[in-house]
Amino acid sequence: MGGAWSIPAPRQPLASALALATRQQRELRFEVAQIERALQPSGLPLVLLKGGAYALTGMQAPLGRMVSDVDILVPRERLADVETALMMAGWVHTHHGAHDQHDYRTWMHELPPLPHMRRGTVLDVHHAVVPATAKARFSTQRLLQAAQPLPGQPGVRVLAPPDMVLHSAAHLFHECDFAHGFRSVVDFDALLREFAALPGFWPQLLERAAALDLQWPLHQALRCAQALMDTPRAGRSRGRAGGLCPRHHRRQVDAAGARPAVPVRPPPAHALAPAAAPPAAQGSAPTASQGETMNHTRWWVRWAPVFLFLGAGSGSALAQLPDTVERVKPAVVLVGTYLATDTPRFRYVGTGFVVGDGLHVVTNAHVTAALGAVGADGPALVVQLRAGAGLWAMRQARVLETVPEHDLALLQIDGPPAAALKVGASEPVREGDDLAFMGFPIGGLLGFSSVTHRATVSSITTMALPSPTGQQLSERAIRSLRAGPLKVFQLDATAYPGNSGGPLFDPRSGAVLGVINMVLIKTTRESAMSQPSGISYAIPSRYVLDLMARHR
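This is a predicted model, so every value here is computed, not measured.

Leu48, Ile72 and Val125 are the most contacted members of the largest nonpolar core, which has 61 residues in total. Sort the elements by how many residues they give to this core and helix α6 (residues 161-173) lands first, with six residues. In contact with Val125, not counting residues within four places along its chain, are Ile72, Val74, Leu79, Val82, Leu86, His109, Glu110, Leu111 and Leu114. Grouped together as the second largest cluster of nonpolar side chains are 48 residues, Val92, Leu381, Val512 and Val544 included.

Structure follows, in structure tokens:
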């Protein structure tokens, strides 16, 4: 055989894995401390679920398991308070569309994932342990009342051992994500081995499963764990898997296992235009091809109304957008400064739009703040209006009022009235509405060509940026806090630098329903171009109407 095989020592890979696990534990503790701090104003304790709870309790279950996010449990009736507190601390909504938002909030047991806008960590906020479509019905308050505090961290709690096992079982058999199904079985097995030595654990588990109507998922999880992991049983009587599931559930499970699945699929191409075939003789059985055509006919009869409905409504609003863009475009203007000795003489800062009598322009307060010092000795504040194809007319302007807490500014321009947009009421806007916005992204790089984006209102959410220190609280900030959080439109479209101050409008009527004011940036300002987040925000038009009413 010659020489022996040389096997490299595993010390270095194991040491690297240990260092990675240690670092993740440290990061997890830091993140949990930040979540606990964010929830303090709500008065709610922080209740951890799944991987985060396993890791911080020092259990064996998380060994070899990477924690990708943090899961917490809160009462459903306090969900709005928790969501507001977290957003004030830097967690934001993801770019789920209106359909996903509706599904999460109506049928699921958790909110859409909330990434932190600076750290990039992800938080899952649960208000139940099973989806609303599950047959099990029980109050989450029962789990929260039985939660146990972590040693040395009275503000952080985890589920009681029986509830932790039942949540693991419910997570496996009441959710549709089976990509990590085996990991869930491994977690379930590790939890049972961890808690089996606790006095009275098995009777408590069975009683709790009956009280919470979670006998069926516990029965199925035990069957899988015993088959795949050889999970020890509690005994021959009450601990057997078969004794956990009601008899009618076992019959349903056995029948479902013997029943073949019937996939739903669209008809093949030849079924769209079936060839003529001679009729079958009276009393004879249909042929295979005739039976297949009959099945396809039934498929179309069943689903045609759905397709007709979708086809009738899918483009009703956006089909009118090209005509609306032509009406809106003349009123969307460039806001910047002009100085004859500058190069270039006109410095573009942001977008605006003409309203009211044609002599007023709405833009963002942060756009006017970026203008710098304007006056007799410096550059002049100007607005560029369309004067024809590719032509612009410059008008001198002055600031009438800025409202930093709403990020709005109202300008007055010289000269004759210009084409103006109608400002509509934003209160009827709902999540899921299709809107559009217009502006001049990326400054003059595109030659000051207005760009229109379609956008869906993904969420009507709270916009609040907390002050890092108490010394930075100003009188205006205190007034804003007393007035309550500012509700803004979250859009599933990408706005770029230069879109600020542009109108968000109804694609049918062209009425302004909001003002684009910011875009979520992943890392740095430069990443807004190279790595756009796809999340933008707009100030509702009701604040524009209030501003205009003060200057009539």
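All right, on to the packing of α6 against helix α8 (residues 201-211) then. Two numbers describe how α6 lies on α8: the axes approach to 9 Å, and their chain directions differ by 55°. Between α6 and α8, the interaxial angle falls into the category oblique. In this structure, α6 meets α8 at a crossing whose hand is right-handed. The segment α6 lies against α8, with Pro161, Pro162, Asp163, Val165 and Leu166 engaging Phe201, Gln204, Leu205, Arg208 and Ala209.

In terms of burial, strand β8 (residues 346-355) is largely enclosed, as nine of its ten residues are buried. Pairing of strand β7 (residues 332-338) with β8, which is carried by seven bridges, proceeds in the antiparallel orientation. Residue Leu334 lies in a different strand from β8, and its bridge partner there is Thr351. As consecutive antiparallel partners, β8 and strand β9 (residues 360-363) are separated by four residues, and within that stretch Gly356 has a phi angle of approximately 60°, a positive value.

Our focus in this paragraph is empty space enclosed by the protein. Applying the stated criterion to the full structure yields two cavities of 30 Å³ or more. As a volume, the second largest cavity reaches approximately 30 Å³. As for the second largest cavity, its lining consists of Val129, Leu143, Asp163, Leu166, His167, Leu212 and Leu214. Sort the elements by how many residues they give to the lining of the second largest cavity and α6 lands first, with three residues. Looking at the lining of the second largest cavity residue by residue, the classes come out as five nonpolar, one polar and one charged.

Turning our attention to α8. For an α-helix the count is 3.6 residues per turn, leaving residues at separations of three or four pointing the same way. Among the residues of α8, Phe201, Trp202, Leu205, Leu206, Arg208 and Ala209 are the ones counted as buried. What you see down the axis of α8 is that its buried residues fit within an arc of 165°, all on one side. Considering only its buried residues, α8 is in contact with α5 (140-146), α6, α7 (181-195) and α9 (215-229).

As a further point, take the confidence of the model for the protein chain. Per-residue pLDDT for the protein chain has a mean of 76; in total, 71% of the residues score no lower than 70. Overall, residues 236-294 carries pLDDT values under 50, and its contacts beyond four positions in sequence, including any with other chains, amount to 45 contacts. For residues 520-533, every residue scores under 50 in pLDDT, and the model assigns this stretch 24 contacts once sequence neighbours within four places are set aside.

This next bit is on the environment of Leu421. Secondary-structure assignment places Leu421 in the loop between β12 (408-413) and β13 (434-439). Each C-alpha atom of the pair Leu421 and Phe505 lies 9.5 Å from the other, and the pair is 84 residues apart in sequence. The residues touching Leu421, leaving out its near neighbours within four places in the chain, are Arg327, Val328, Ala331, Phe353, Val354, Val355, Gly356, Pro503 and Val512.

A separate point is the environment of Asp71. As for its position among the elements, Asp71 is in strand β2 (residues 70-73). By relative accessible area, which is 4% here, Asp71 ends up buried. As a C-alpha pair, Asp71 and Pro113 span 42 residues in sequence and 9.6 Å in three-dimensional space. Non-local contacts of Asp71, meaning those with residues more than four positions away in its chain, are made with Val47, Leu48, Leu49, Lys50, Asp124 and His126. Of the polar contacts made by the side chain of Asp71, one reaches the side chain of His126; its length is 2.9 Å.

Turning next to the sheet that holds strand β10 (residues 380-386). Pairing within the closed barrel is antiparallel, and its six strands lie in the order β7-β8-β9-β12-β11-β10. Neighbour to neighbour, the strand axes of the sheet diverge by 45° on average, direction disregarded. Summarising the sheet, strand β11 (residues 392-403) and β12 pair through six bridges and their orientation is antiparallel. Paired with Arg398 across the strands is Gln412, a residue of β12. Strands β8, β9, β11 and β12 of the sheet are contacted by helix α16 (residues 541-549), whose axis makes an angle of about 45° with β12.

Rules used in this analysis
Residues numbered from 1 in each chain as written. Predicted model: local features only at pLDDT ≥ 70, side-chain atom pairs only at ≥ 80, totals over all residues. Heavy atoms only, no water. Core = buried A, V, L, I, M, F, W, Y, C linked by side-chain atoms within 4.5 Å. Buried < 20%, exposed > 50% of the residue type's maximum accessible area, 1.4 Å probe, protein only. Helix = DSSP H or I, 4+ residues; strand = E, 2+ residues; numbered from the N terminus. Contact = heavy atoms within 4.5 Å. Axes fitted to C-alpha atoms, helices over the stretch in contact; angles between N-to-C directions. Parallel < 35°, antiparallel > 145°, perpendicular 65-115°, else oblique. Left-handed = near helix turned anticlockwise from the far one by under 90°. Pairing = 2+ DSSP bridges. 1 Å grid on protein atoms, 1.4 Å probe; cavity = no way out; pocket = protein on both sides within 12 Å on 5 of 7 lines; lining within 4 Å. Points joined across faces, edges and corners; volume = space filled by probe spheres on them. Nonpolar A, V, L, I, M, F, W, Y, C, P; charged D, E, K, R; others polar. Arc of directions from axis to C-beta. pLDDT = per-residue confidence, 0-100. Polar contact = N/O pair within 3.5 Å; in protein donor to acceptor, adjacent residues only side chain to side chain.

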